[in-house]
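Listed here are the chains, written in short residue letters.
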Amino acid sequence: MDRTELLGLFARSLAKVDTDHPLAMRLCEACVDILRAEGAALTLSAAPGERLAVSTPGMFDQLESLQEVLGVGPLHQALAEERLIVMHVDPVADDYPVFSQLAGSIVDEATLYATPMRAAGRVVGVLSLYVTAEPQTRSAEDLGLVADAVGAALLGAAESLDWSERTQIHRAIGMVVVQLRISPEDAFAVIRARAFTRSTSLLSVAQDVLGQRLQFSLGDSD
């Protein structure tokens, strides 16, 4: 599709979304509409270690959380390699065996498209799309064009976005650093491990740490 036509179609789709929703969610919902998907997620990396993620509600939201907890998956590969990653979600995929097995228990079958979002000449995040019916009918060029438009919009509004969830995770990492006398990287790994064993999100574990419902002792770092 022609660049101008596609961006015009995206603008019209965005205008249809409920304006009461935050900007990131409105962009996410417009991507689902224009790119003919069943679910989508946006991950903005405004600075090293600083990420904002938003997903359309439903089962696919669990897959985004799972990638964050495990630290592996198409999202991470798309960021690292700065290219489109396409993955058929099932329990036997080889690239990310743990993610694939757990993802297969959440959704029977889907194709995941992780497309880098670029702005000002650099990758600023990833647009993830989940398609369960027909294969993605938009071209890789169309996906990249929409992803870049979304990335520029998010980066331009970064100061007005809600970073509170990430702030809570950072504060929890700091508390675990003090409790276990370890590096921030190792503290983040401890929080990730606890989220994995609980089958919950990083934010949920962070909130338990901040609320002092969960405390770690030196024995927990062994």
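Cut-off values and rules
Residues numbered from 1 in each chain as written. Predicted model: local features only at pLDDT ≥ 70, side-chain atom pairs only at ≥ 80, totals over all residues. Heavy atoms only, no water. Helix = DSSP H or I, 4+ residues; strand = E, 2+ residues; numbered from the N terminus. Expected span 1.5 Å × (residues − 1). Buried < 20%, exposed > 50% of the residue type's maximum accessible area, 1.4 Å probe, protein only. Arc of directions from axis to C-beta. Phe/Tyr/Trp six-rings, centres within 6.5 Å; stacked < 30°, edge-to-face > 60°. pLDDT = per-residue confidence, 0-100.

1. Section: helix H7 (residues 164-180)
Piece 1. Between its terminal C-alpha atoms H7 stretches 24 Å, which fits the 24 Å expected from 17 residues at 1.5 Å a residue.
Piece 2. Taken residue by residue, H7 has Arg166, Ile169, Ala172, Ile173, Val176 and Leu180 as its buried positions. One side of H7 carries all its buried residues, which in axial view fall inside an arc of 120 degrees.
Piece 3. Backbone geometry just after H7 places Arg181 at a positive phi near 55 degrees.

2. Description of the packing of aromatic side chains
Piece 1. As enumerated under the stated definition, the model contains two aromatic pairs in all.
Piece 2. On the numbers, 4.7 Å between centres and 15 degrees between planes, the contact of Phe60 with Tyr130 is stacked. One end of the pair, Phe60, is in helix H3 (residues 59-70); the other, Tyr130, is in strand E5 (residues 122-131), with 70 residues separating them in the sequence.
Piece 3. Centroid distance Tyr96 to Phe99: 6.4 Å. Interplanar angle 80 degrees. Geometry classified as edge-to-face.
Piece 4. Among the residues examined, Tyr96 registers a relative accessible area of 9% and is labelled buried.
Piece 5. Under the relative-accessibility criterion, Phe99 is labelled buried at 0%.

3. Examining unusual backbone geometry
Piece 1. For Glu82, which is not glycine, the phi dihedral falls at a positive 55 degrees.
Piece 2. Residue class for Glu82 comes out partly exposed when judged on its relative accessible area of 44%.

4. Quick notes on the confidence of the model for the chain
Piece 1. For the chain, per-residue confidence averages 88 on the pLDDT scale, and 92% of positions sit at 70 or higher.
Piece 2. Model confidence for the chain, summarised as mean pLDDT per element, is weakest for strand E2 (residues 50-55) at 82 and strongest for helix H9 (residues 202-210) at 96.

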